[in-house]
Amino acid sequence: MKRYKITARLLLIIHAIWVLAMFASLPLILKYQWAYIPAIFVAGATLISWIIYGSCPLRTWENNLYAKYAPEKMYTDLFTQHYINKLFNVRIPTSVIRSVNGCMILAVILVSFR
């Protein structure tokens, strides 16, 4: 039981770092030439996982772990949507989150190959 909780928390932290890396990558690419390599990796891996899994596998794994120790913590929203709502009590539509994520990935890819 405790193992699932620790793993779920670790996965939450990894997921948060991944999302922050995605959003930080665009300004970093514009400032530092070398930053396009990790930025393309994060953007590409995110896009490929969406295509293969239909959603983020990190969210799925997180929910699978929650199901084993605290089913009430499971969520159906997108990761960013869920935690923005949980932390700031602001409800953002799924379409807005998907649009922002998609535009960010596209921007990172286009700016990286300039």
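All values derive from a computational prediction rather than experimental measurement.

Colleague: Explanation requested: the packing of aromatic side chains in the structure shown.
Modeller: How two aromatic rings sit relative to each other is given by the distance of their centres and the angle of their planes. All told, the structure shown has 5 aromatic pairs when counted by the stated rule. Arranged with centres 4.9 Å apart and planes meeting at 55°, the rings of F79 and Y83 form a pair that is tilted. On the criterion of helical spacing, the pair formed by F79 and Y83 is a turn pair, its members being 4 residues apart in helix 4 (residues 79–88). The same class applies to F79 as to Y83, namely buried. Ring pairs connect the aromatic residues Y75, F79 and Y83, which therefore count as one cluster.

Colleague: Looking at this structure, how should I read the nonpolar core?
Modeller: As a rule of thumb, nonpolar side chains are buried together in soluble globular proteins. In this structure, A8, L11, V19, C56, L58, L65, Y66, Y69, A70, Y75, F79 and Y83 together form the largest nonpolar core, which totals 12 residues. Where this core is concerned, the elements lending two or more residues are helix 1 (2–31), helix 3 (57–69) and helix 4. Among the elements that take part in this core, helix 3 stands out by supplying 4 residues, more than any other. What Y75 contacts, discounting residues up to four positions off in sequence, is R59, E62, N63, Y66, H82 and Y83. Formed by 10 residues, the second largest nonpolar core is a distinct cluster that contains M22, I29, A39 and M104.

Colleague: How should the packing of helix 2 (residues 36–53) against helix 5 (residues 94–112) be read in this particular structure?
Modeller: Following both chains from N to C, one finds helix 2 and helix 5 inclined at 140°, their axes separated by 9 Å at the closest point. The orientation of helix 2 relative to helix 5 falls into the category oblique. The crossing of helix 2 and helix 5 is left-handed. Every residue of helix 5 that contacts helix 2 at Y36, A39, I40, A43, T46, L47 and W50 is listed here: N101, G102, I105, V108, I109 and S112. In terms of residue class, the contact of helix 2 with helix 5 is built from 9 nonpolar, 4 polar and no charged.

Colleague: Even after reading the chapter, I still don't get the environment of R59, so can you show me in this structure?
Modeller: The topology assignment puts R59 in helix 3. Put simply, R59 and I14 are 45 residues apart on the chain and 11 Å apart in space, counted from C-alpha to C-alpha. Look past the residues within four positions of R59 in its chain and what remains in contact with it is H15, Y75, T76, D77, L78 and F79.

Colleague: Looking at this structure, I do not really get unusual backbone geometry. What am I missing?
Modeller: A negative phi angle characterises most non-glycine residues, just as the trans form characterises most peptide bonds. Here N89, not a glycine, exhibits a phi torsion of approximately 55°, which is positive. For N89, a relative accessible area of 67% corresponds to the exposed category.

Colleague: Explain the side chain of T46 here, please?
Modeller: Residue placement: T46 occurs in helix 2. For T46, a relative accessible area of 10% corresponds to the buried category. At 2.8 Å, the side chain of T46 forms a polar contact with the side chain of W18. Beyond its immediate sequence surroundings of up to four residues, T46 is in contact with W18, M22 and I105.

So, how was this worked out
- Residues numbered from 1 in each chain as written.
- Predicted model: local features only at pLDDT ≥ 70, side-chain atom pairs only at ≥ 80, totals over all residues.
- Heavy atoms only, no water.
- Phe/Tyr/Trp six-rings, centres within 6.5 Å; stacked < 30°, edge-to-face > 60°.
- Helix = DSSP H or I, 4+ residues; strand = E, 2+ residues; numbered from the N terminus.
- Buried < 20%, exposed > 50% of the residue type's maximum accessible area, 1.4 Å probe, protein only.
- Core = buried A, V, L, I, M, F, W, Y, C linked by side-chain atoms within 4.5 Å.
- Contact = heavy atoms within 4.5 Å.
- Axes fitted to C-alpha atoms, helices over the stretch in contact; angles between N-to-C directions.
- Parallel < 35°, antiparallel > 145°, perpendicular 65-115°, else oblique.
- Left-handed = near helix turned anticlockwise from the far one by under 90°.
- Nonpolar A, V, L, I, M, F, W, Y, C, P; charged D, E, K, R; others polar.
- Polar contact = N/O pair within 3.5 Å; in protein donor to acceptor, adjacent residues only side chain to side chain.

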